[in-house]
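The chain contents come next:
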Amino acid sequence: FRLTVRAFGIDLTWTPMIDADGFTKSYLYRKEMIQFHDNDPTVAQLGGRDRTNIIHAAKLLAQVDQVKAVELNCGCPMRCARKG
């Protein structure tokens, strides 16, 4: 999807919602969630309920070159954000 919208001139895209707990605990989940096919700037959407895991996940995301910002989803009604 990000590649498609970039073809139409979009400069900044977002990741799908990333569960902070899963991101901090599972290498496979991290690998899946930070697959990028280009070097264009991306905002990582991060949701969760445990502040320690949210902080840890944000620090891990900050180390990814393509991630230019981390957006915290607080109070999002999506199931993946609520389960955090």
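Now for a look at the structure at hand. Keep in mind that this is a model prediction, so the values were computed, not measured. (Residues numbered from 1 in each chain as written. Predicted model: local features only at pLDDT ≥ 70, side-chain atom pairs only at ≥ 80, totals over all residues. Heavy atoms only, no water.)

**Quick word on the pairing of strand β2 (residues 42–47)**
With 6 of 6 residues buried, β2 lies mostly within the body of the structure. The alternating pattern of β2 places Thr42, Ala44 and Leu46 and Val43, Gln45 and Gly47 on opposite faces, both of which are buried. Strand direction decides the pairing type here: β2 and strand β3 (residues 67–73), joined by 6 bridges, are parallel. Counterpart to threonine 42 in the pairing with β3 is valine 67. For the handedness criterion, the β-α-β arrangement of β2, helix α4 (residues 51–62) and β3 is classed as right-handed. (Buried < 20%, exposed > 50% of the residue type's maximum accessible area, 1.4 Å probe, protein only. Helix = DSSP H or I, 4+ residues; strand = E, 2+ residues; numbered from the N terminus. Pairing = 2+ DSSP bridges. Right-handed = clockwise from strand over helix to strand, strands pointing away.)

**Remarks on the sheet that holds β3**
On the basis of which strands lie adjacent, the open sheet formed by 3 strands has the order β1-β2-β3 and parallel pairing. Two strands bound the open sheet, and with one partner strand each, they are β1 (13–19) and β3. Sheet twist, expressed as the average angle between the axes of neighbouring strands with direction ignored, equals 25 degrees. Pairing between β1 and β2: 5 bridges, direction parallel. From the neighbouring strand, isoleucine 18 faces β2, where its bridge partner is leucine 46. Against the sheet, α4 contacts β1, β2 and β3, and its axis sits at roughly 165 degrees relative to β2. (Axes fitted to C-alpha atoms, helices over the stretch in contact; angles between N-to-C directions. Contact = heavy atoms within 4.5 Å.)

Functional significance is not addressed by these values, which are geometric in nature.
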